[in-house]
Amino acid sequence: MSLESLYQDIILDHYKNPRGRGLMESPLGTAFHVNPTCGDEINMQVAASEDGGLLIGYEGTGCSISQASASVLYELVQGRPVADAESIRLAFVELMHSKGHADPDEEVLGDAIAFVGVAKYPARIKCALLPWMALQDAEIKGGLMSEPDSDQE
Amino acid sequence: MTGIDVARIRSDFPILKRTVRDDKPLIYLDNAATSQKPVEVLDAERTFYETSNAAAHRGAHQLAEEATEAYELARAQVAGFVGADASNIVFTKNATESLNLAAYAFSNATALSRWGTPVDPRFVLQPGDSVVVTEMEHHANLVPWQEVCAKTGASLRWVPLTDNGRLELAGLDGIIDASTKVVSVVHQSNILGTINPVAEIMAKAHAVGAVGVVDACQSIPHLPVDVSALGADLVAWSGHKMLGPTGIGLLYGTAEILDAMPPFLTGGSMIATVEMDRSTYAAAPQKFEAGVPMVAQAVGLGAAVNYLERLGMAQVAAHEQALTAYSLMAIGKIPGVRIIGPPEAVDRGSAISFVVAGIHPHDVGQVLDNMGIAVRVGHHCAWPTCRRFGVPATTRISPYIYNDLNDIDALVEGIVEAQRFFKVAS
């Protein structure tokens, strides 16, 4: 496996030039998630626009994978209806559990398809999932989503 | 470079012959997490299971006798290795359990005293009392004491650090005072590499009547350590970081303190008499060894002790000292790299943490891993220490007897490669 398969240029670009990074004044829900094995942090905020679109704010510190994942998340779900955002989130979670064998749908996942290589590295899957788990938590706290029946992680 | 023959040692460790990540030779630099095992440790465990396996300290058949003998021989070997008597050595599951055993002596004695059970007053804590640790403790020597304080109302205090990763000892008299009931400090930091003057700190603890505990996980595998010279009442360390198997840890205690401490885990093996409503307990060390003991692991650890004694711990320490001096120089001169911990090879061990400007440690570790170099990345179970130095995590190397200067050169190449890959100015 090459380093390039893990760190695709798209990931490095999101890491160096994060999209939409920053916190909101008055979010509906906020979730602060930490990866206790490495100390990576993400502070994820959600709100709803007047037409029902999801609004995202975030800050974080951590490795390229966790921080690029947050930037890609922003790009994919910002302004989208909550139900669409959840479909994207579930597709990303599935991709991360594919052990690198998935053929992800770019129509759904956009730049997130670049994370397919991450799924081959068990120690890094949690890095990629950190913002997405925080998103779910923030949506629940903000009343935009109900508690899931079981832990989908 | 020293009396250690690295090539010969390497041939004793089967795992060092394997390759990783597309056929790259393994360069294992994560010994502060766990060491690899020489074939004679593996053989010792296997031979025990093949010839003498039985539950030690129960049963009267021949195998039970042999298993008991093997287990107690291992205790004597470990004791000899650290200059102690076998009766002063308690086998535990790991060093974390050893430290919890120490910590629970305080919370258990405090709870027992409330209901009138006679206990040694040194272990009874109340609001106003203090527990002292340092800002460079592994979570295993921090969290159990936080729990003790939460259960008893005692306050936790800690010795702060200098910017060079040494203990700030100037204010020690204001930290260890008449309120202090226990002082628990690390001998050699797993994240900074710092070797602390524990004998001096233990003397201060004893001067105020406090119990002194030392976490020696990173020192006993790497240095000649005579536990009585540390001046501590209790010393905890693990077997798996000194070539032994996982699943066995150690606690040295003075006869007096082991006798005074209430038990930790209770049940079979650790009792003297049992009635339906009460029990009395065996003398130490059995008092602290409830349940069927880990005989095979003890036997493996005994073989590890033999291996290290044959090398000579003074030789091991000299080898590591040379590696440490070279590593500090070689890593320290890479532009953009900052060493977290003492920058000089004085009173410090081979665990060296560093950060690379512009690259998260996870990403540094990934590039190294891709080259076959195994290092640890993260907070190393010393999260508050990372915070002290304003970093979320570090990359850490921790060489041992089977590492040489070539491994360090490969590491340096790997760090430069990470800088190239992530396009940070070096």
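If you're wondering where the values come from, they're calculated on a predicted model, not measured in any experiment.

Peer 1: Which residues make up the overall build of chain B, and what values go with them?
Peer 2: When you go through chain B residue by residue, the secondary structure sums to 14 helices and 17 strands. Relative to its length of 426 residues, chain B is compact, with a C-alpha radius of gyration of 22 Å against a globular reference of 22 Å. If you line up chain B on its principal axes, its C-alpha atoms span 70 × 55 × 30 Å. Looking at chain B as a whole, 58% of its 426 residues qualify as buried. Surface exposure of chain B reaches about 16100 Å², of which carbon and sulfur atoms provide 55%. In chain B, 31 side chains carry a positive charge and 44 a negative one; their mean positions are 6 Å apart.

Peer 1: Explain the overall build of chain A residue by residue, including any values.
Peer 2: When you go through chain A residue by residue, the secondary structure sums to six helices and three strands. Counting from the amino terminus, chain A carries its helices and strands in the arrangement α-α-β-β-β-α-α-α-α. Its C-alpha atoms give chain A a radius of gyration of 14 Å, within 12% of the compact-globule value 15 Å for 153 residues. Expressed as lengths along the three principal axes of its C-alpha atoms, the size of chain A is roughly 45 × 25 × 25 Å. Here the contacts in chain A between residues at least 6 apart in sequence split such that 60% fall between residues at least 24 apart. The average position of the 10 basic charges and that of the 24 acidic charges among the side chains of chain A differ by 8 Å.

Peer 1: For the confidence of the model for chain A, give the residues involved together with the corresponding values.
Peer 2: Note: predicted coordinates in regions of low pLDDT should not be interpreted at a detailed level. On average, residues of chain A score 92 in pLDDT, and 96% of them reach the 70 mark or higher. Per-residue pLDDT, averaged within each element of chain A, yields its smallest value for helix α1 (residues 3–6) of chain A (89) and its largest for helix α3 (residues 64–77) of chain A (97).

Peer 1: Quick one: what's the story with the environment of Lys37 of chain B, residue by residue and with numbers?
Peer 2: Residues and elements named next belong to chain B. Note that Lys37 resides in the loop between β3 (27–28) and α2 (39–51). Classification of Lys37 as buried rests on a relative accessible area of 17%. Sequence-wise, Lys37 and Leu16 are 21 residues apart; in three dimensions their C-alpha atoms are separated by 9.7 Å. A polar contact is formed between the side chain of Lys37 and the backbone oxygen of Ser35, at a distance of 2.8 Å. Within the local environment of Lys37, its side chain forms a polar contact with the backbone oxygen of Gly244, the two atoms lying 2.8 Å apart.

Peer 1: Quick one: what's the story with the sheet that holds strand β5 (residues 130–134) of chain B, residue by residue and with numbers?
Peer 2: Residues and elements named next belong to chain B. Spatial strand order, β4-β10-β9-β8-β7-β5-β6: seven strands in an open sheet with mixed pairing. The sheet is open, and its two borders are formed by β4 (89–92) and β6 (155–159), each paired with just one other strand. Put simply, the sheet's adjacent strands are angled 20 degrees from each other on average, direction ignored. Strands in contact with helix α5 (residues 143–152) are β5, β6, β7 (180–186) and β8 (211–215); relative to β6, the strand with the most contacts, it is inclined by about 150 degrees. Of the strands in this sheet, β7 and β8 touch helix α7 (residues 198–207), which is tilted by about 175 degrees from β7.

Peer 1: Just give me the short version of the pattern of salt bridges, but keep the residues and values in it.
Peer 2: Residue and element names in this part refer to chain B. In the structure shown here, the tally under the stated rule is 22 salt bridges over all chains. Note that Arg396 and Asp30 form a salt bridge whose closest N and O atoms lie 3.4 Å from each other. Within this pair, whereas Arg396 is found in strand β17 (residues 394–397), its partner Asp30 is found in the loop between β3 and α2, the two being separated by 366 residues in sequence. Residue classification places Asp30 among the buried positions, given a relative accessible area of 12%.

Peer 1: Explain helix α14 (residues 405–421) of chain B to me, using residue names and the numbers behind them.
Peer 2: Residues and elements named next belong to chain B. The end-to-end C-alpha distance of α14, which contains 17 residues, comes to 24 Å, matching closely the 24 Å that a straight helix rising 1.5 Å per residue would cover. Looking at α14, one finds that the buried residues are Asp407, Ile408, Ala410, Leu411, Val412, Gly414, Ile415, Ala418, Gln419 and Phe421. Sitting at the head of α14, Asp404 places a side-chain oxygen 3.1 Å from the backbone nitrogen of Asn406. Residue Lys423 follows α14 closely and has a positive phi angle near 55 degrees.

Peer 1: Can you lay out the interface of chain A and chain B for me, pointing to particular residues and giving the numbers?
Peer 2: With 23 residues of chain A in contact, the opposing surface of chain B contributes 18 residues. When chain A packs against chain B, close to 1700 Å² is buried across both sides, 54% of that on carbon and sulfur atoms. Across the contact surface, chain A and chain B share one salt bridge. Counting across the interface, chain A meets chain B through eight residue pairs in polar contact (both at pLDDT 80 or more). Taken together, the elements giving at least two residues each to the side of chain A that touches chain B come down to α1, α2 (9–16), β1 (29–35), α3 and α6 (122–141) of chain A. When its residues are assigned to classes, the side of chain A that touches chain B shows 13 nonpolar, six polar and four charged.

Parameters and conventions
- Residues numbered from 1 in each chain as written.
- Chains lettered and ligands numbered in written order.
- Predicted model: local features only at pLDDT ≥ 70, side-chain atom pairs only at ≥ 80, totals over all residues.
- Heavy atoms only, no water.
- Helix = DSSP H or I, 4+ residues; strand = E, 2+ residues; numbered from the N terminus.
- Rg over C-alpha atoms; globule rule 2.2 N^0.38 Å.
- Buried < 20%, exposed > 50% of the residue type's maximum accessible area, 1.4 Å probe, protein only.
- Areas by Shrake-Rupley, 256 points an atom, 1.4 Å probe, with all protein chains shown as cover.
- Lys, Arg positive; Asp, Glu negative; His and termini not counted.
- Charge placed at Lys NZ, Arg CZ, Asp CG, Glu CD.
- Contact = heavy atoms within 4.5 Å.
- pLDDT = per-residue confidence, 0-100.
- Polar contact = N/O pair within 3.5 Å; in protein donor to acceptor, adjacent residues only side chain to side chain.
- Pairing = 2+ DSSP bridges.
- Axes fitted to C-alpha atoms, helices over the stretch in contact; angles between N-to-C directions.
- Salt bridge = Lys/Arg side-chain N within 4 Å of Asp/Glu carboxyl O.
- Expected span 1.5 Å × (residues − 1).
- Buried area = accessible area lost by both parts, 1.4 Å probe.
- Nonpolar A, V, L, I, M, F, W, Y, C, P; charged D, E, K, R; others polar.

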